[in-house]
Amino acid sequence: MESHESQSYGALWKIWGLLLVLTAIMVFVDAMGLPRVLLLVILIAAMLTKAFFISSQFMDLKHEKLVVGISVAFSILFFGALLFAVIAPDGIAVLHGGR
Amino acid sequence: MSSARGAREAPMNWSGGVAPLGMSWQKLMMWIFIVTDGLLFAGFLAGYGFARTGARSWPDQQEVFHLWFISLMTFVLISSSATMATGVAAARVADWKKVANMVLATAGGGVSFLAMQAYEWGSLIRDGVTLGTNPWNVPAFGNYFFLITGFHGTHVLIGTIVLATLALRVRARKTTAAGVELAGLYWHFVDLVWVFVFTLFYLV
């Protein structure tokens, strides 16, 4: 096993509490009836924050070499966003009956 | 004699063949699997984004789903991720009794999540949601709902089987801390995917 200091159990359960608080905030905000764009910004920011804590703290990505963290996070987030950016405009075109 | 020992130790210090990027091959392969599987989910979610932006209307999630129930499923999965992380930390200090308990608790979380998902699917199917039809006349909704949650649920099922097997192996002292860590990486990935599915499918 790679050498990195073992995390205390308490620190892990603090992350658990933080993830639950973020989830509760997301559900609460969703029910508030905020303007669509504001709601999207808040939900996506909370989603990425949760993803950051799970990958860095639970998956121990923070203890791996920087190149591993960047490769994993960048490839999934960048190509996921790229896929959406390429495909979504087609959806809008379909909606408006164009090509 | 010293040169023979040096020859044995040399690979351990080399950052290439034995420990690429400072980790074991098994762990590197798990990270590569996570990236490829993550991209597969990204493709599904991008396709779902296409369907959403291309649809004239989309069912209101507040009406279709019981969000408190989905939040409870999220709670179960996040909690199981915390027990798994505790198990991995316990494995590093060789507290095997704690590891076995935590891995079993994680597997229990997986079983609970699957049971709740089965209930949710059953509830929607009874309401008339199928792959091709649904009461809101938006066929893509059923398609993407069953595809994305089904694919994620399959991952949870596989993870639960792996964890149950791991718990038995831990009790029999047939696994190492590295083995527990690999199972943990997979389980946290399953939790990570749910973070995206929960936000993009159930809330947005």
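These numbers come from a predicted model, not from an experiment.

About the criteria used
Counting of residues starts from 1 at the beginning of each chain's written sequence and follows it residue by residue. Chain A is the first chain written and ligand 1 is the first ligand written, with later ones labelled in order. Confidence filtering applies because this is a predicted model: local features only for residues at pLDDT of at least 70, side-chain atom pairs given and counted only at 80 or more, and all residues used for totals across whole chains, interfaces and linings. Each helix is a run of H or I in the DSSP string that is no shorter than four residues. Each strand is a run of E no shorter than two, and both are numbered from the N terminus. Throughout, radius of gyration means the C-alpha value; the globule benchmark is 2.2 Å times the number of residues raised to the power 0.38. To sort residues by exposure, count the other C-beta atoms lying within 10 Å of each residue's C-beta; 20 or more gives buried, 12 or fewer gives exposed, and values between give partly exposed, all with C-beta atoms placed from the backbone. Two residues qualify as being in contact provided that their C-beta atoms, derived from the backbone, are within 7 Å of each other. Each residue after the first adds 1.5 Å to the expected span of a helix. Axis definition: a line fit to C-alpha positions, over the contact stretch in the case of helices; interaxial angles, taken between N-to-C directions, run 0 to 180 degrees. Between 65 and 115 degrees an angle is taken as roughly perpendicular, under 35 as roughly parallel, over 145 as roughly antiparallel, and anywhere else as oblique. For any helix crossing, the convention is left-handed if the near helix is rotated counterclockwise from the far helix by under a right angle, and right-handed if that rotation is clockwise. Think of it as three bins: nonpolar holds Ala, Val, Leu, Ile, Met, Phe, Trp, Tyr, Cys and Pro, charged holds Asp, Glu, Lys and Arg, and polar takes everything else, Gly as well. Start and end positions for the domains come from either an automated domain assignment or a database one.

Chemist: Help me understand the overall build of chain B, please; the structure alone is not making it clear to me.
Modeler: In terms of regular secondary structure, chain B is built from seven helices and zero strands. Shown N-terminal to C-terminal, the secondary structure of chain B runs as helices and strands in the order α-α-α-α-α-α-α. At 21 Å, chain B has a C-alpha radius of gyration far larger than the 17 Å of a compact globule built from 204 residues. The C-alpha extent of chain B, read off along each of the three principal axes, is 80 × 35 × 20 Å. Buried positions account for 38% of the 204 residues belonging to chain B. Relative to all contacts within chain B whose residues are 6 or more apart in sequence, the contacts with residues 24 or more apart total 74%.

Chemist: I'm lost on helix α2 (residues 36-58) of chain A in this one. Help?
Modeler: Because each turn of an α-helix spans 3.6 residues, side chains separated by three or four positions end up pointing in the same direction. Taking 1.5 Å per residue as the helical rise, α2(A) with its 23 residues ought to reach 33 Å, and the 32 Å between its terminal C-alpha atoms agrees with that figure. Every buried residue of α2(A) is listed here: L43(A), M47(A), K50(A), I54(A), S55(A), Q57(A) and F58(A). On its buried side, α2(A) packs onto α1 (9-31) and α3 (66-95) of chain A together with α4 (67-92) and α7 (177-203) of chain B. Of the residues one or two after α2(A), D60(A) is the one with positive phi, at around 60 degrees.

Chemist: Looking at this structure, I do not really get the packing of helix α6 (residues 139-171) of chain B against α7(B). What am I missing?
Modeler: For any two helices packed against each other, the geometry is given by the interaxial angle and the distance between the axes. Residues and elements named next belong to chain B. For the pair α6 and α7, interaxial distance at closest approach is 10 Å and the crossing angle is 155 degrees. Looking at the two axes, α6 sits roughly antiparallel to α7. Pair α6 / α7 crosses with left-handed handedness. Taken together, the residues of α7 that come into contact with α6 (itself represented by I148, T149, H152, H155, V156, G159, V162, L163 and L166) are V180, A183, Y186, W187, V190, V193, W194, V197 and F201. Looking at side-chain class alone, the contact of α6 with α7 contains 14 nonpolar, four polar and no charged residues.

Chemist: I tried to follow the interface of chain A and chain B on my own but got confused; where do I start?
Modeler: When the parts of a complex come together, some accessible area is lost, and that lost area is often taken as the interface size. Counting from both sides, the interface comprises 41 residues of chain A and, opposite them, 44 residues of chain B. Sorting the residues of the side of chain A that touches chain B by element identifies α1, α2 and α3 of chain A as the ones contributing at least two each. With 16 residues, the single largest contributor to the side of chain A that touches chain B is α3(A). Of the residues belonging to the side of chain A that touches chain B, the class tally is 28 nonpolar, seven polar and six charged.

Chemist: Explain the environment of A81(A) to me, please; I cannot follow it from the model alone.
Modeler: All names here are of chain A. Of note, A81 is situated in helix α3. Under the C-beta neighbour-count criterion, A81 is labelled exposed, with 12 such atoms within 10 Å. As for A81 and A46, which are separated by 35 residues in sequence, their C-alpha atoms are 17 Å apart.

Chemist: Looking at this structure, how should I read the packing of α1(A) against α4(B)?
Modeler: Two elements in contact, α1(A) and α4(B), have axes whose closest approach is 10 Å; the angle formed by their N-to-C orientations is 165 degrees. Comparing their axes, α4(B) and α1(A) come out roughly antiparallel. Handedness of the α1(A)/α4(B) crossing: right-handed. Between α1(A), through Y9(A), L12(A), W13(A), W16(A), L19(A), L20(A), T23(A) and V27(A), and α4(B), the contact on the second element is made entirely by L67(B), S71(B), T74(B), F75(B), I78(B), S79(B), A82(B), A85(B), T86(B) and A89(B). Here the contact of α1(A) with α4(B) is composed, by residue class, of 13 nonpolar, five polar and no charged.

Chemist: Sorry if this is basic, but what is going on with the domain arrangement of chain A here?
Modeler: Domain boundaries assigned for chain A yield domain 1 (7-61) and domain 2 (64-99). Between domain 1 of chain A and domain 2 of chain A, the C-alpha centre-to-centre distance is 21 Å.

Chemist: Mind showing me how you'd approach unusual backbone geometry here?
Modeler: Both trends apply: most residues other than glycine have a negative phi, and most peptide bonds are in trans. Residue and element names in this part refer to chain B. Of note, N137 is a non-glycine position whose phi angle comes to about 55 degrees, a positive value. Its place among the elements puts N137 in the loop between α5 (96-126) and α6. Within the chain, R173 stands out as a residue other than glycine whose phi angle is a positive 55 degrees. Along the polypeptide, R173 turns up in the loop between α6 and α7.

Chemist: Sorry if this is basic, but what is going on with the environment of R92(B) here?
Modeler: With respect to the helices and strands, the residue R92(B) is situated in helix α4. C-alpha separation for the pair R92(B) and P59(B), spaced 33 residues apart in sequence, amounts to 47 Å.

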